[in-house]
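Examination of the molecular architecture
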Amino acid sequence: KEVHGLDGICIASHVDKPSFSIFSQLGFIPEGLLLDALEISASSDKEAIHRKMPEAAKFPLIRSSDAHFLDWIGNRYTVFYLAAPSTEEIRMALSGQAGRGMEIS
């Protein structure tokens, strides 16, 4: 609620990792948790995530570099198709509203 109250977007990071992810810590996504999307790591694909974690299908999936070294920055990313650079536009892209959209690398 705090993130959304500040007009932020709440994305659970690297949900497919064996440690430091919501699934590795809890084993599930709590019902009613106000997530806007899930981030998957560079080596994962959507179909594998949905087979392994069926509840992930309820959320849009994004990908980012999760860079721990300078050379890793930008090696994976999500392209958002927006009318303007705003959190509202990103929300619309995550849900595919009004011609907005996204694709992951």
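Being a predicted model, the structure only gives us computed values, none of them experimental. (Residues numbered from 1 in each chain as written. Predicted model: local features only at pLDDT ≥ 70, side-chain atom pairs only at ≥ 80, totals over all residues. Heavy atoms only, no water.)

Some points on the pairing of strand E2 (residues 37-40)
To be explicit about the condition: Buried means the residue's accessible area, taken with a 1.4 Å probe over protein chains only, is under 20% of the maximum for its type, while exposed means over 50%, and partly exposed covers the values in between. In this text, helices come from DSSP runs of H or I with a minimum length of four residues, and strands from runs of E with a minimum of two, each type numbered from the N-terminal end. A strand pair is defined by DSSP finding two or more bridges across the two strands. Seen with its strands pointing away from the viewer, a crossover is right-handed when the path leading from the first strand over the helix to the second is clockwise.
Of the two faces of E2, the one holding Ala37 and Glu39 and the one holding Leu38 and Ile40 are both buried throughout. Both strand E1 (residues 11-12) and E2 contribute to a ladder of two bridges, which runs parallel. Bridge pairing links Ile11 to Ala37 in E2. Where E2 lies against strand E3 (residues 61-63), three bridges are found, and the strand directions are parallel. Note on E3: the bridge partner recorded for Leu38 is Leu61. The handedness of the E2 to E3 crossover, carried by helix H3 (residues 46-52), is right-handed.

What about the nonpolar core?
Condition: Only buried Ala, Val, Leu, Ile, Met, Phe, Trp, Tyr and Cys residues count toward a nonpolar core, and they belong to the same one when joined by side-chain atoms within 4.5 Å. Contact definition: two residues touch when any of their heavy atoms are within 4.5 Å.
Core analysis: the biggest nonpolar cluster contains 13 residues, and Val15, Ile29 and Leu38 have the highest contact counts within it. Every element with two or more residues in this core is listed here: helix H2 (22-26) and E2. Setting aside anything within four residues of it in sequence, one finds Val15 in contact with Ser21, Ile22, Phe23, Leu38, Glu39, Ile40 and Met53.

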